[in-house]
Amino acid sequence: IAGALGVVQLGRLPTLVAAMRANRERIASAIGALDGLTPRREPDPAGAGGSSLTWFAPDAGLARRCVEALRAEGAPAAQMYEGLPVYLNPAVRARRTAAGGAEWRARPPELDLCPRTEDLVARSITIGVGPAFTPQDCDGIASAVHKVARHGFNGLRRA
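Please read these numbers as outputs of a predicted model, since none were measured by experiment.

Peer 1: Hey, could you run me through the pattern of salt bridges in this one?
Peer 2: Side-chain pairs of opposite charge can arise whenever the charged atoms involved come near each other. Applying the stated criterion across every chain, the model contains 4 salt bridges. In this structure, E42 and R24 form a salt bridge, with 2.2 Å as the shortest nitrogen-oxygen distance. Here R24 lies in helix α1 (residues 2-31) and E42 lies in the loop between β1 (38-39) and β2 (52-56), a separation of 18 residues in the sequence. For R24, a relative accessible area of 15% gives the class buried.

Here's what the structure looks like:
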């Protein structure tokens, strides 16, 4: 049964990915460049699934405050992995993983294992993009980002 369901879902995948890519492009075009935020580099834009847009703030505190402000405006905002690299996720550190923590036999990982990754994840601001978004949804997300950028980034910097 699972295999039959999987085959049906795989048949739907190209349409879903195309819709996410179109929605992502609509949102990204409406937003444009944002002063003070660096867009995530995309080495293969044509191969991207289109499930999100990501920027990096100058510091982790500003990123968290931006995400909070975007959520208050109704935008589907988050930080990558809740602002922590996967190996610092509480479930991984507590060894509550599918492998029972076997991937960390010696000891749970420590901070500064991958300092550059930790820095980027902590400074991330991500907007999720769904395949069922309407044009109005996309425009509303772009408007929320512009509102926070226009009225929030300077105030958020001081917070």
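Peer 1: Please clarify how the side chain of S124 should be interpreted in this entry.
Peer 2: Structurally, the position occupied by S124 is in strand β4 (residues 124-128). A distance of 2.8 Å separates a polar atom in the side chain of S124 from the backbone oxygen of V121. Not counting the four nearest positions on each side in its chain, S124 is found in contact with T54, W55, F56, A63, V67, A78, Q79 and M80.

Peer 1: Mind showing me how you'd approach the nonpolar core here?
Peer 2: General note: in soluble globular proteins, nonpolar side chains tend to be found buried as a group. Ranked by internal contacts, the top residues of the largest apolar core, which has 23 residues, are I27, I31, W55, L70, I125 and I127. Contributions of two or more residues to this core are made by α1, β2, α2 (60-72), β4 and α5 (135-151). When residues of this core are assigned to their parent elements, the largest contribution, 6 residues, is made by α5. Non-local contacts of I127, meaning those with residues more than four positions away in its chain, are made with S51, S52, L53, W55, L70, A75, P76, A77, I141 and V145.

Peer 1: Please clarify how helix α4 (residues 115-122) should be interpreted in this entry.
Peer 2: Because each turn of an α-helix spans 3.6 residues, side chains separated by three or four positions end up pointing in the same direction. The set of residues buried in α4 consists of E118, V121 and A122. Down the axis of α4, the buried set is contained in an arc of 95°. They therefore lie on one face. Buried residues belonging to α4 abut α2 and β4.

Peer 1: Honestly, the sheet that holds strand β3 (residues 77-78) in this entry has me stumped. Any pointers?
Peer 2: Through backbone hydrogen bonds, the strands of a sheet pair up, either in parallel or in antiparallel fashion. Ordered by their spatial adjacency, 4 strands build an open sheet running β1-β2-β4-β3, and the pairing between neighbours is antiparallel. Looking along the sheet, the strands with just one partner apiece sit at the ends: β1 and β3. Bridge count for β2 against β4 is 5 bridges, and the pairing is antiparallel. Along β4, the bridge assignment pairs F56 with S124.

What counts and what doesn't
Residues numbered from 1 in each chain as written. Predicted model: local features only at pLDDT ≥ 70, side-chain atom pairs only at ≥ 80, totals over all residues. Heavy atoms only, no water. Salt bridge = Lys/Arg side-chain N within 4 Å of Asp/Glu carboxyl O. Helix = DSSP H or I, 4+ residues; strand = E, 2+ residues; numbered from the N terminus. Buried < 20%, exposed > 50% of the residue type's maximum accessible area, 1.4 Å probe, protein only. Polar contact = N/O pair within 3.5 Å; in protein donor to acceptor, adjacent residues only side chain to side chain. Contact = heavy atoms within 4.5 Å. Core = buried A, V, L, I, M, F, W, Y, C linked by side-chain atoms within 4.5 Å. Arc of directions from axis to C-beta. Pairing = 2+ DSSP bridges.

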